[in-house]
Amino acid sequence: MLNIRIERNPNPKAKPEAGKPLPFGQIFTDHMFVMNYTEGKGWYDPRVVPYGPITLDPSAMVFHYGQEMFEGLKAYRGENGEAYLFRPDMNAKRANNSNRRLCIPYLPEEDFVQAVKAVVDIDRDWIPSDEGTSLYIRPFIIATDEFLGVAPSHNYLFLVILSPSGAYYKNGLEPVGIWIEDEYVRAVRGGMGFAKTGGNYACSLAAQEKAHEDGYSQVLWLDGVERKYIEEVGAMNIFFKIDGKVVTPMLNGSILPGITRDSVLTYCRKKGVPCEERRISVDELIEAQKNGKLEEVFGSGTAAVISPVGKLRYKDEVFTIGDGGIGPFSKSLYDFITGVQTGKVADEFGWRVKV
Ligand SMILES: *Cc1c(COP(=O)(O)O)cnc(C)c1O
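Once a new chain begins, its residue numbering starts again from 1 and follows that chain's sequence as written. Where totals are concerned, whole chains, interfaces and linings use all residues; where local detail is concerned, this predicted model gives features only for residues with pLDDT of at least 70, and gives and counts side-chain atom pairs only at 80 or more. Neither water nor hydrogens contribute to the side-chain values; these are computed over all heavy atoms in the structure.

Novice: Sorry if this is basic, but what is going on with the overall build of the protein here?
Specialist: Working definition: helices are DSSP H or I runs of at least four residues, strands are E runs of at least two. Numbering for both runs from the N terminus. Each helix and strand in the protein was counted, giving eight helices and 18 strands. For the radius of gyration, the atom set is restricted to C-alpha positions; the globular benchmark scales as 2.2 Å times the number of residues to the power 0.38. Here the C-alpha atoms of the protein give a radius of gyration of 21 Å, agreeing with the 20 Å that 2.2 N^0.38 yields for 355 residues. Taken over the C-alpha atoms alone, the protein extends approximately 60 × 50 × 35 Å along its principal axes. Relative accessibility thresholds used throughout: buried, under 20% of the residue-type maximum; exposed, over 50%; partly exposed, between the two (1.4 Å probe, protein chains only). When the 355 residues of the protein are sorted by exposure, 53% land in the buried category. The contact rule is simple, with two residues in contact once any of their heavy atoms fall within 4.5 Å. In the protein, of all internal contacts separated by at least 6 residues, the share reaching a separation of at least 24 is 70%. Here the protein has roughly 15900 Å² of accessible surface; of this, 51% comes from carbon and sulfur atoms. The centroid of the 41 positive side-chain charges in the protein is displaced by 3 Å from the centroid of its 47 negative side-chain charges. Here the Shrake-Rupley method, with its probe set to 1.4 Å, supplies the accessible areas, and only the displayed protein chains count as covering residues. Charged residues are defined narrowly, with Lys and Arg counted positive, Asp and Glu counted negative, and His plus the chain ends left uncounted. One atom stands in for each charge, and that atom is NZ of Lys, CZ of Arg, CG of Asp or CD of Glu.

The structure is reproduced here in structure tokens:
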């Protein structure tokens, strides 16, 4: 149990008005959680303080070699005003998988969850209530040693910041176009693809730009060795419904193990929907599409929850999935998961956590 000190913000900001569109990740609440780490001393001084800039020496290691990790989850407002988190224990566990890979010290999982709850609790009035909106939660750890040598830092900061965010889909669930990237790669086995860390995003930007210029919203990454097997989408895992079966690439070290991905698989197993985690090549996918067996494609991730894919581009070919609209299975998954998150649907898996 952390003994969290609370310093209330004496100048709270005006909250965004209900009914007006909210951007993603641009507005921040009145408070943030901060905790220090020093080697030999461990994590100390957990505190909730007014949100604001932090001061770091220009030589702080995070600026130079990218020793940092982050997480992403959301708080949702229930129908009677309650605040809910979705599987925060999974984020805490994944945070430590990232920490281990990046030589960042272990952060006890119950402390991670307690920190998230403490700051969400104090800023609970910032959780927006319009349909599809939520309070995005960004926990992260940065290396703060003042040192230009390449080595793990001895000092770190753990912060949790909050951002009220609009519905991912402005006009309800909408299919997106995906660009299958055959030049750049995101991650390789043995690298850090399974960790949530800034470096994985820095190296994704060039491909993302290319896809955007062509009107595609995200990149679908192929494996870094043969550029043949499907890995995942920008910030989402990917699922296919082929001939009645739900298929997703198996976790191989270069794919980020999404919590939404795990929720989809758990749902399929419980409901008796045939599902498989295995290698899927682009060739198999195109073959299935040409034979009319590729029924649905969707991404899964905290931001969009379920993101139906209407169009795929590979080299010079463009494939329209089904009728280019939203598949019935994608829709039912979206309704189920968002229903559990907001308390509209029975929580049969014990995923919802009240703050
Ligand atoms: C965070 C993330 C996901 C999705 O994970 P969720 O836990 O479902 O939000 C997928 N891919 C990448 C690269 C990610 O960073």
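Novice: Hey, could you run me through the site of the ligand in this one?
Specialist: For the ligand, the set of nearby residues contains 15 residues, the closest of which are Lys196, Tyr201, Glu232, Thr260 and Thr302. For the purposes of these results, a polar contact is taken to be a pair of N or O atoms within 3.5 Å, where, inside protein, one atom must be able to donate a hydrogen and its partner to accept one; residues adjacent in sequence count only when each atom of the pair is a side-chain atom. A distance of 2.5 Å separates an oxygen atom of the ligand from a polar side-chain atom of Tyr201. One of the side-chain N or O atoms of Glu232 is found 2.5 Å from a nitrogen atom in the ligand. Here the ligand loses 97% of its free accessible area of 380 Å² to cover by the protein chains. We call Asp, Glu, Lys and Arg charged. Ala, Val, Leu, Ile, Met, Phe, Trp, Tyr, Cys and Pro are nonpolar, and the rest, Gly among them, are polar. Classifying every residue of the shell around the ligand gives five nonpolar, six polar and four charged. Here a residue counts as near a molecule or strand whenever at least one of its heavy atoms sits within 4 Å of it.

Novice: Would you take a moment to explain the pairing of strand S8 (residues 155-165) for this structure?
Specialist: Within a regular beta strand, the side chains point alternately toward one face of the sheet and then the other, so they alternate between its two faces. With respect to burial, S8 is a largely interior element, ten of its eleven residues being buried. For two strands to count as paired, DSSP must find a minimum of two bridges between them. Alignment of strand S2 (residues 31-38) against S8, held across six bridges, turns out to be antiparallel. Within the sheet, the bridge partner assigned to Phe33 lies in S8 and is Val160. Direction of pairing for strand S7 (residues 134-143) relative to S8: antiparallel, over a ladder of ten bridges. Each bridged residue has a counterpart across the sheet, and for Ile142 the counterpart in S8 is Leu157.

Novice: Got a minute to help me understand helix H3 (residues 109-122) in this structure?
Specialist: Because each turn of an α-helix spans 3.6 residues, side chains separated by three or four positions in sequence point in the same direction. To estimate the expected span of a helix, subtract one from its residue number and multiply by 1.5 Å. Relative to the 20 Å expected for 14 residues at 1.5 Å per residue, H3 spans 20 Å between its end C-alpha atoms, a close match to the ideal helical length. For H3, a buried count of ten out of 14 residues is recorded, marking the element as mostly surrounded by other parts of the structure. All of the buried residues along H3 are Asp111, Phe112, Val113, Gln114, Ala115, Val116, Ala118, Val119, Val120 and Ile122.

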